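Structure assessment
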Amino acid sequence: MNAPARDQGASGYRIAIVREIIDPAAVLALVRDPADGAVLLFLGKVRDHAEGRRVGGMRYEAYQPMAEKELNAIVEEAARQLGTDRIVVVHRVGDLAVGEVSVAIAVSSSHRGEAYQASRFIIEEVKKRLPVWKQEQYADGEAAWVQGQTLEAIEDAR
Amino acid sequence: MNAPARDQGASGYRIAIVREIIDPAAVLALVRDPADGAVLLFLGKVRDHAEGRRVGGMRYEAYQPMAEKELNAIVEEAARQLGTDRIVVVHRVGDLAVGEVSVAIAVSSSHRGEAYQASRFIIEEVKKRLPVWKQEQYADGEAAWVQGQTLEAIEDAR
Amino acid sequence: MQVRSLFFAAYRDAMGTGTLDVDLPEGATVGDLVSSIRSRGAPFNRLPKAPAVAINHEVMRGDARLTEGDEIAFLPPVAGG
Amino acid sequence: MQVRSLFFAAYRDAMGTGTLDVDLPEGATVGDLVSSIRSRGAPFNRLPKAPAVAINHEVMRGDARLTEGDEIAFLPPVAGG
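These notes cover the structure that comes with them. These numbers were taken from a predicted model, which means no experiment stands behind them.

**Notes on the overall build of chain C**
Counting its regular elements, chain C contains two helices and five strands. Mapped in sequence order, the helices and strands of chain C form the string β-α-β-α-β-β-β. Taking the principal axes of its C-alpha atoms as reference, chain C extends roughly 35 × 30 × 20 Å. For chain C, buried positions account for 48% of its 81 residues. Nonlocal contacts in chain C, meaning residues at least 24 apart in sequence, comprise 50% of its contacts between residues at least 6 apart. For chain C, the exposed area adds up to about 3700 Å²; of that, 46% sits on carbon and sulfur atoms. Taking the average place of the 8 positive charges on the side chains of chain C and the average place of its 10 negative ones, the gap between the two points comes to 10 Å.

So this is what it looks like as structure tokens:
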């Protein structure tokens, strides 16, 4: 997975929207810094169930250029809060099997408090602000787009 | 690193105190569950500095049987809070180089909120309750035990 | 002027297409574009009256004015992560 | 009766040993053990008067009574993680 190196922000963090399987170890390797004492890796994964229905997989779709721009903005905000730019966020699109990683967020920091704060901030913002959609593929062959959050309302609230 | 399998709690989680290098990917693999949507991995690492001094490494020492017992107790408490037993905690002892992982905490959960809560709870309790000590090995050849927290006071506060 | 409309996820499924080029009078707004699309009838009348939109990757309100060559993305409620 | 004392980290460095077997009268407490160790003089008088202790892996107070074969660990302030 070379993709995370593709879009490197001005301040050193990296973001990517990828079609390939996300390798957590490769994401972790990108935030390594000898000055840091704490690393936090969040992985969002495809679950085998949703509201009582068996799920066989998830199809993720992104408005890629806008998602990359928004992801950069989120990570820049987190970096400002955290005071570190050692952040990598990779979001996957395409057809994912159960157990596969849809999003990986790695934060490395001098101390653990900021790492937890930044990691949580990023995943919450990703879910609110990224133009990404997902369709549950049920085991019975049906499929449905997951009910999401209206982008407009979020923007109005700023 | 086979050690994490060594001490498996009654409720399915695993803890270990190990001398070997901790492999984050191996720790992550131990908490994999298709029902879960969120995985959080915390890594504590040896930093290259402490209060302005350059650090070349860290020596960790544990009162091993008591540390294992206390780690089990912490993880049991976290599992009760979280409602999941998909937790692995590995603490390393011995001589660690800068950048090496001293503690790895993996939590897998249906939803992310509990994963963040449990992960943070475990690392805070580890630092307060585990009979583990560390000695900073400075680049200039000196060494000093890191000032810690008194166990007695913690116990009194319960 | 001509602008490009993009439909994603549930909107693309509903419209039967991901892209639609639309001719509009100068000075038209996002709201005018939505009206123009909806006036084409089925399946385009399934586009909501006030959907979330991004113009050239920036979320904008319905009263935002369009210019030649703009890319207007219609964004269903998002569910990333 | 005989009990085993364990010294860790800074305490072991100060005592010059990690283990010390001590003979005590029946009914002795942790406090009595500490006094007995400190009364040996240097370097054992460097053990604090009221250190944190665990008896058989359980943190206990200074007034806890000891029994034959107990393992009493003297625990400097901890710094794991």
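And the narrative resumes.
**Description of the sheet that holds strand E1 (residues 2-7) of chain D**
Strand pairs in the sheet, formed through backbone hydrogen bonds, run parallel or antiparallel to each other. Residues and elements named next belong to chain D. The five strands lie next to each other as E2-E1-E5-E3-E4, forming an open sheet whose pairing is mixed. Bordering the open sheet on either side are strand E2 (19-23) and strand E4 (58-60), each of which pairs with just one other strand. Adjacent strand axes in the sheet meet at a mean angle of 30° when their direction is disregarded.

**Describing the pattern of salt bridges**
Residue and element names in this part refer to chain B. Inspection of every chain in the model, using the stated rule, returns 34 salt bridges over all chains. One salt bridge in this structure joins Arg53 and Glu142, with 3.2 Å as the shortest N-O distance. In this pair, Arg53 is assigned in strand E5 (residues 53-62) and Glu142 in the loop between strand E9 (132-138) and strand E10 (143-145), connecting sequence segments 89 residues apart. Residues Glu125 and Lys128 are paired through a salt bridge, measuring 3.3 Å at the closest nitrogen-oxygen approach. Here Lys128 and Glu125 lie together in helix H3 (residues 112-129), a separation of three residues that amounts to about one turn. Look at Glu125 and you get buried, because its relative accessible area is 12%. Owing to a relative accessible area of 27%, Lys128 belongs among the partly exposed residues under this scheme.

**Quick word on the relation of the copies chain A and chain B**
In screw terms, the move from chain A to chain B is a rotation of 180° and a rise of 0.0 Å along the axis, fitting with an RMSD of 0.0 Å. Such a turn and shift between the copies fits a two-fold axis. Identified as the residue of chain A closest to the rotation axis by C-alpha distance is Leu41 of chain A, at 2.5 Å. A share of 100% of interface residues in chain A that are also interface residues in chain B marks the association as one of identical surfaces.

**A few points about the arrangement of the chains**
Here the protein chains form three pairs of chains in contact, of which the pair with the most contacts is chains A and B. Regarding chain B and chain C, the two do not touch, and the least distance separating their C-alpha atoms is 10 Å.

**Things to note about the side chain of Ser102 of chain B**
Mapped onto the elements of the fold, Ser102 of chain B is located in strand E8 (residues 101-109). Contacts of Ser102 of chain B, omitting those with residues within four sequence positions, involve Ile22, Gly44, Lys45, Tyr60, Val90, His91, Arg92 and Leu96 of chain B together with Gly81 of chain D.

**Quick notes on the packing of helix H2 (residues 64-82) of chain B against H3 of chain B**
All names here are of chain B. One way to put it is that H2 packs onto H3 with a least axis distance of 10 Å and a crossing angle of 155°. Classified by the angle between their axes, H2 and H3 sit roughly antiparallel to one another. Crossing geometry of H2 relative to H3 is assigned as right-handed. In this structure, H2 uses Glu70, Leu71, Ala73, Ile74, Glu77, Ala78, Gln81 and Leu82 to contact H3, whose residues at the interface are Glu114, Ala115, Ala118, Phe121, Ile122, Glu125, Val126 and Arg129. Here the contact of H2 with H3 is composed, by residue class, of 10 nonpolar, one polar and five charged.

**Topic: the interface of chain C and chain A**
How large an interface is tends to be reported as the accessible area lost when its parts come together. Contact with chain C, which involves 24 residues of that partner, is made by 29 residues of chain A. When chain C packs against chain A, close to 2200 Å² is buried across both sides, 59% of that on carbon and sulfur atoms. When the buried area of chain C at its contact with chain A is split by residue, His57, Val78 and Gly81 of chain C rank highest and sum to 32% of it. Viewed at the interface, chain A and chain C are joined by two salt bridges. Among the ionic pairs, Glu61 of chain A bridges to Arg12 of chain C, the shortest N-O distance being 2.6 Å.

**Overview of the sheet that holds strand E4 (residues 58-60) of chain C**
All names here are of chain C. Pairing is mixed across the open sheet formed by five strands, whose spatial order is E2-E1-E5-E3-E4. Two strands close off the open sheet at either side, each with one partner strand: strand E2 (19-23) and E4. Adjacent strand axes in the sheet meet at a mean angle of 30°, parallel and antiparallel pairs treated alike. Two strands pair when backbone bridges link them, and strand E3 (residues 52-55) and E4 are joined in this way by three bridges, in the antiparallel orientation. The partner of Val53 across the bridge, within E4, is Met60.

**Looking at the environment of Ala79 of chain A**
Residues and elements named next belong to chain A. Within the fold, Ala79 resides in helix H2 (residues 64-82). Sequence separation between Ala79 and Ala118 is 39 residues; the distance between their C-alpha atoms is 7.6 Å. Leave out the neighbours within four places in its chain, and Ala79 touches Thr84, Asp85 and Ile87.

Reading the values: rules and limits
Residues numbered from 1 in each chain as written. Chains lettered and ligands numbered in written order. Predicted model: local features only at pLDDT ≥ 70, side-chain atom pairs only at ≥ 80, totals over all residues. Heavy atoms only, no water. Helix = DSSP H or I, 4+ residues; strand = E, 2+ residues; numbered from the N terminus. Buried < 20%, exposed > 50% of the residue type's maximum accessible area, 1.4 Å probe, protein only. Contact = heavy atoms within 4.5 Å. Areas by Shrake-Rupley, 256 points an atom, 1.4 Å probe, with all protein chains shown as cover. Lys, Arg positive; Asp, Glu negative; His and termini not counted. Charge placed at Lys NZ, Arg CZ, Asp CG, Glu CD. Pairing = 2+ DSSP bridges. Axes fitted to C-alpha atoms, helices over the stretch in contact; angles between N-to-C directions. Salt bridge = Lys/Arg side-chain N within 4 Å of Asp/Glu carboxyl O. Least-squares fit on C-alpha atoms with pLDDT ≥ 70 in both. Parallel < 35°, antiparallel > 145°, perpendicular 65-115°, else oblique. Left-handed = near helix turned anticlockwise from the far one by under 90°. Nonpolar A, V, L, I, M, F, W, Y, C, P; charged D, E, K, R; others polar. Buried area = accessible area lost by both parts, 1.4 Å probe.

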